Amino acid sequence: GVLVIPGTTTISAPNRAVTISNSSNNFTGAVSIDALTVDLEDANAIVLGESTVTGNYLVTAAGAVTQNSDTAQAGSSTTITLATGASTANDEYNSESVYISSGTGAGQSRTISDYVGSTKVATVSSAWATTPDNTSVYELGALDITGTTTVSASGQNVTLANTSNDFRDAVIITGADVELVDADTIDLGASTVSGTYAVTAKLGDITQSGNLTVTNSSTFETEAPNGTILCGNSLCTSTGGTNAFSGTVKLTTTGSSGHAYIDNGTTALQIADGTSVGGNLTLVSGNSSGITDAGTLTVGGNLYATTDANNGDIDLGGLVMSATTSKIQLTTHNNGAATVVNTKHLHFISADVGGNFTATATDGTITQDSAFDIDGTSDFHSVSADNIILDSAENDFTGDVRFRGGAVVIKDTNDIEFGGGDSTAAATLDGFALKVYAGDRITDDSTIPSNLKVTGGNAWFGTNFGNEPAGSGDDATSQSRIVLDSAGNVFSGTTTLRGGIGYTVNSSSSVVLTA
């Protein structure tokens, strides 16, 4: 039969299955259940009261799914006066959690120690940090679900935001705007969200056991230090699932082990403004639009960004990576380009970029651990004129290379051509402003104004490696030429040319050559 209940519904059936799944049921008040398993359906919206389920919990609704919520009448430092429709029974809400979801005092959670039905006054376990008033929207009663939680409310909002909720297994949601809060770790099962998706873990991690499809923005936050987001293992070196976040994704973690891993499948991945990850951040997308940021992206650990299909680009212009130990690894698919801008230094683990590569350190050096393989052009800029040291012997710059910084060291396993605009070396390191090593020719692009302006001191160019500034190797055996013929070149110090059997040097200033 059909249940039409105008007031609250309370069912106590520990270790028993509760099935109330008629699609015409209509529960007007909160539904609280203590049972082994629950299958609950409502023809309209449904309000979930405090419930303890030791097995699976299934809720189906044609309207919004919320927890017991209303607007307070008033409050004091240790009380909250519930809405006029609250229970008239004394002690009805004792030991239940009350969470203020919006209005004055939003974000606070307390446990009710005493309730007076005639006055609707609930005394809480400890004083409020901010006293609630008649604008405070509260939620009563947490969900404690041992098994899988499944909520099916297609096109409807699902709000399960009580801070004492404890979902101990996967949470699977079909809905519009979805908000989930768990007191510790929360595991996200396969879910389809047609609106926004917001998930908070208070004292643990956010994990996933199924793929997530979200149409609008997604927000994930772990409040405890070192809580992780969507990681596949404890070190966060693999993904928890392949997702489709069509809107922006905002991530918030704290602590050096507060890692996050977002694999967005073949959907473009845009990281929201204000994202802050205390540990490592891994981003993956196989869409042609690749990976972008919509504003400031703060990373306390390392950043790994990969496009793995459709020539996807990487464009991260809002990086805030200030820790001296923070590093970046970039990989693009086929001819995908990469652009990174950091407020401090840029320290690369490696870069494998099929298109053009632009790296800007606003206030610091640009350095590398392992080789760059760049098929397009390369542009390295230290805005603060700090050093640019790209000294891996396995570097391979196929297109023109441009640099602007303090002292500059560049190695290329093959030939290297400078172009794309003027390059500058404005400081000195170990007696040289510029040192260039190449396995083959060293040239500049004279067809586009691309002058070498070495204003910080001496310059040194060597081909076929082995020819260090102090002199070593058999220079005469090299067939590689050094041709620096742009008319606007400037060499303010001495210029050393080693290797090869022919040199051409053009300069707008005098040139002092050394052996």
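Residues numbered from 1 in each chain as written. Predicted model: local features only at pLDDT ≥ 70, side-chain atom pairs only at ≥ 80, totals over all residues. Heavy atoms only, no water.

Engineer: Report on the overall build of the chain, specifying residues and quantitative values.
Structural biologist: A count of helical and extended segments in the chain gives zero helices and 58 strands. Seen through its C-alpha atoms, the chain measures out along the principal axes to roughly 100 × 45 × 35 Å. Looking at the 515 residues of the chain, the share that counts as buried comes to 49%. Taking the intrachain contacts of the chain between residues at least 6 apart in sequence as the baseline, contacts between residues at least 24 apart amount to 35%. The positive charge centre, built from 16 side chains, and the negative charge centre, built from 52, are 9 Å apart in the chain. (Helix = DSSP H or I, 4+ residues; strand = E, 2+ residues; numbered from the N terminus. Buried < 20%, exposed > 50% of the residue type's maximum accessible area, 1.4 Å probe, protein only. Contact = heavy atoms within 4.5 Å. Lys, Arg positive; Asp, Glu negative; His and termini not counted. Charge placed at Lys NZ, Arg CZ, Asp CG, Glu CD.)

Engineer: I'd like a rundown of the pattern of salt bridges, residues and numbers included.
Structural biologist: In the structure shown here, the tally under the stated rule is nine salt bridges. Residue Arg-168 pairs with Asp-144 through a salt bridge whose shortest N-O separation is 2.9 Å. Here the residue Arg-168 occupies a position in the loop between strand E18 (166-167) and strand E19 (170-175), and Asp-144 occupies one in strand E15 (residues 143-145), the gap between them amounting to 24 residues. A salt bridge links Asp-363 to Lys-344; the shortest N-O distance between them is 3.5 Å. Of this pair, Asp-363 sits in the loop between strand E40 (357-361) and strand E41 (366-368) while Lys-344 is found in the loop between strand E38 (338-342) and strand E39 (346-353), placing the two residues 19 residues apart along the sequence. Where salt bridges share partners, they join Asp-144, Asp-166 and Arg-168 into one cluster. (Salt bridge = Lys/Arg side-chain N within 4 Å of Asp/Glu carboxyl O.)

Engineer: Provide a residue-level description of the packing of aromatic side chains, including the pertinent values.
Structural biologist: If you walk through the whole model with that rule in mind, you get 13 aromatic pairs. Centroid distance Phe-357 to Phe-380: 5.7 Å. Interplanar angle 85 degrees. Geometry classified as edge-to-face. Note that Phe-357 is positioned in strand E40 and Phe-380 in strand E43 (residues 378-382), a separation of 23 residues in sequence. In this structure, Phe-357 and Phe-380 share a single accessibility class: buried. Each ring, one from Phe-380 and one from Phe-397, has its centre 6.0 Å from the other, and the planes form 80 degrees; the classification is edge-to-face. Of this pair, Phe-380 sits in strand E43 while Phe-397 sits in strand E45 (residues 396-397); the two residues are 17 residues apart in sequence, bridging distant segments of the chain. (Phe/Tyr/Trp six-rings, centres within 6.5 Å; stacked < 30°, edge-to-face > 60°.)

Engineer: Quick one: what's the story with the environment of Gly-462, residue by residue and with numbers?
Structural biologist: Mapped onto the secondary structure, Gly-462 falls in strand E53 (residues 459-463). In this structure, the C-alpha to C-alpha distance between Gly-462 and Lys-411, residues 51 residues apart in sequence, is 9.6 Å. Not counting chain neighbours up to four residues away, the residues in contact with Gly-462 comprise Val-436, Tyr-437, Ala-438, Ile-442 and Arg-498.

Engineer: Explain empty space enclosed by the protein to me, using residue names and the numbers behind them.
Structural biologist: Vacant regions in the atomic arrangement are exposed by a probe of water-molecule size rolled over the atoms. Across all of its chains, the model carries one cavity of 30 Å³ or more by this definition. One number sums up the size of the largest cavity: a volume of about 30 Å³. Class assignment of the residues belonging to the lining of the largest cavity gives a composition of three nonpolar, four polar and no charged. (1 Å grid on protein atoms, 1.4 Å probe; cavity = no way out; pocket = protein on both sides within 12 Å on 5 of 7 lines; lining within 4 Å. Points joined across faces, edges and corners; volume = space filled by probe spheres on them. Nonpolar A, V, L, I, M, F, W, Y, C, P; charged D, E, K, R; others polar.)

Engineer: An account of the nonpolar core is requested, with residue identities and associated values reported.
Structural biologist: Ranked by internal contacts, the top residues of the largest apolar core, which has 96 residues, are Phe-220, Phe-357 and Phe-461. Looking at this core, the element that brings in the most residues is strand E4 (residues 30-42), giving five residues. The contacts of Phe-220, once residues within four sequence positions are left out, are Leu-188, Tyr-197, Val-199, Ile-206, Leu-212, Ile-229, Leu-230, Phe-245, Val-249, Lys-250, Leu-251 and Thr-252. Ranked by size, the runner-up nonpolar core spans 15 residues in total, among them Ala-72, Ile-80, Leu-82 and Tyr-115. (Core = buried A, V, L, I, M, F, W, Y, C linked by side-chain atoms within 4.5 Å.)

Engineer: Please give an account of the environment of Thr-306 that cites residues and values.
Structural biologist: Looking at where Thr-306 falls in the secondary structure, it is placed in strand E35 (residues 303-307). With relative accessibility at 25%, the residue Thr-306 sits in the partly exposed group. When the C-alpha atoms of Thr-306 and Thr-282 are compared, they prove to be 8.1 Å apart, with 24 residues separating the residues in sequence. Leaving out residues up to four positions away in the same chain, Thr-306 has contacts with Leu-283, Val-284, Ser-285, Ile-291, Ile-314 and Thr-331.

Engineer: So what about the pairing of E43? Which residues, and what values?
Structural biologist: Taken across its five residues, E43 has four buried, putting it largely inside the fold. With five bridges joining them, E40 and E43 adopt parallel strand pairing. Of the residues in E43, the one forming a bridge with Ala-361 is Ser-382. Strand direction decides the pairing type here: E43 and strand E46 (residues 401-405), joined by four bridges, are parallel. When the bridges of E46 are listed, Phe-380 appears paired with Phe-403. (Pairing = 2+ DSSP bridges.)

Engineer: Please set out the confidence of the model for the chain residue by residue, giving values where relevant.
Structural biologist: Per-residue confidence for the chain gives a mean pLDDT of 93; residues scoring 70 or more make up 96%. Per-residue pLDDT stays below 50 along residues 466-478; that stretch engages in 26 contacts with residues further than four places along the chain or on separate chains. (pLDDT = per-residue confidence, 0-100.)

Engineer: Describe in detail the side chain of Asp-400, supporting the description with residues and values.
Structural biologist: Inspection of the secondary structure puts Asp-400 in the loop between E45 and E46. Leave out the neighbours within four places in its chain, and Asp-400 touches Thr-377, Ser-378, Glu-417, Gly-419, Gly-420 and Asp-445.

Engineer: An account of the pairing of strand E14 (residues 137-140) is requested, with residue identities and associated values reported.
Structural biologist: Here strand E8 (residues 65-71) pairs with E14 via four bridges, running antiparallel. Bridged to Thr-71 within E14 is Val-137. As paired strands, strand E11 (residues 97-102) and E14 are joined by four bridges and run antiparallel to one another. Directly across from Tyr-99, in E14, lies its bridge partner Glu-139.

Engineer: An account of the environment of Gly-499 is requested, with residue identities and associated values reported.
Structural biologist: Looking at the secondary structure, you find Gly-499 in the loop between strand E56 (494-498) and strand E57 (503-505). Its relative accessible area of 0% is what places Gly-499 among the buried residues. Each C-alpha atom of the pair Gly-499 and Phe-461 lies 8.4 Å from the other, and the pair is 38 residues apart in sequence.

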